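So the chains spell out like this:
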Amino acid sequence: IHAYLFGKYSQAKAMAESGWSICKSFPTWYGNIIVLFYHGLIALALARETTSNDTALSPLLQVANEAIQKIYTLSETAPQNYLHKYHLLQAELAFLKKQDQTAINHYDHAISLAEQYRYLNEEALACERALDFCMERYDVVFTPRYFKRACQVYQEWGALSKVTHVVERYGERIVAFENMSRKR
């Protein structure tokens, strides 16, 4: 999880795959869902980094779709635990497919549900992923909003190293986006 949160996707993938093989030995352990969730997020992040090479992309999409399907099934009986995870995975898939409106709708649902059910860590993550999406799409209106909220929720959660990471990664560009927004 740590490697994913700090953008080290290849390292995160190796760790998730070894964790997944261990998890299969304990099929009813709750940690399996967390590993599944992050395995799906990692696969989608790596898919975005992959050039349109179907050979490399196909297994990543298979991992992501399996995670989406399983978490959706769990969300039908326990939405308070899983629905925000499902929406974040769907947002990341829409991001990959360049379905902008679908992506932003899923990010907002993920953020709202994570906030409602007090999953601070996943609310902050959803804000950061929405921030990354908006940065890539040069959205000067929503980018600062997601930046501020990601920093606020990471701080509320006590993840000060993530606040520092987000500020270092996006801070200068946020100032530029705010300046562009003021000029409109």
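Throughout, residues of each chain are indexed from 1 in the direction in which the sequence is written. Local features in this predicted model are restricted to residues whose pLDDT is 70 or higher, and side-chain atom pairs enter the listing and the counts only when it is 80 or higher, whereas totals over whole chains, interfaces and linings include all residues. Computation of side-chain values covers all heavy atoms of the structure but excludes hydrogens and water.

Right, let's get into the packing of aromatic side chains. Ring geometry is summarised as follows: Phe, Tyr and Trp rings, the Trp one being its six-membered ring, pair when their centres sit within 6.5 Å, and such pairs are stacked at plane angles under 30 degrees, edge-to-face over 60 and tilted between the two. By the definition in use, this model includes six aromatic pairs. Taken together, the ring pairs connect F95, Y107 and F133 into an aromatic cluster. Think of it as a cone above the ring: NZ of Lys or CZ of Arg counts as a charge over the ring if it is within 6 Å of the ring centre and within 35 degrees of the ring normal. Across from the ring centre of Y146, 4.7 Å away, lies the NZ or CZ of R145, which sits over that ring. Looking at K162, its charged tip hangs above the ring of F6, at a distance of 4.9 Å from the centre.

All right, on to unusual backbone geometry then. For K98, which is not glycine, the phi dihedral falls at a positive 60 degrees. Per the convention used, a helix needs a DSSP run of H or I reaching at least four residues, while a strand needs a run of E reaching at least two, with both numbered from the N terminus. Looking at the secondary structure, you find K98 in the loop between α5 (79-96) and α6 (100-116). A positive phi angle is found at R118, which is not glycine, with a value near 65 degrees.

Before going further, it helps to examine the pattern of salt bridges. Salt bridges are identified by distance alone: a Lys or Arg side-chain nitrogen within 4 Å of an Asp or Glu carboxyl oxygen. Evaluation of the coordinates by the stated rule reveals 13 salt bridges. Between K70 and E66 there is a salt bridge; the shortest N-O distance is 2.9 Å. Residue K70 and its partner E66 are located together in helix α4 (residues 54-77), separated by four residues, close to a single helical turn. Look at E66 and you get partly exposed, because its relative accessible area is 32%. For R145, the salt bridge goes to D108, with nearest N and O atoms at 3.4 Å. Separated by 37 residues along the polypeptide, R145 in helix α8 (residues 143-157) and D108 in helix α6 bring together distant segments of the chain. The buried label applies to any residue whose accessible area, calculated with a 1.4 Å probe on protein chains only, is under 20% of its type's maximum; exposed applies above 50%, and partly exposed to all values in between. Taking relative accessible area as the criterion, D108 reaches 30% and is therefore assigned partly exposed. Each of R48, E92, R129, D132 and R169 takes part in one network of salt bridges that share partners.

Bringing the state of the cysteines into the picture now. Disulfides are defined as pairs of cysteine sulfur atoms found within 2.5 Å of each other. Evaluation of the coordinates by the stated rule reveals zero disulfides. We note that C151 lacks a disulfide partner, and the nearest cysteine sulfur, in C127, lies 9.8 Å from it. Exposure remark for C151: the relative accessible area of 11% places this residue in the buried category.

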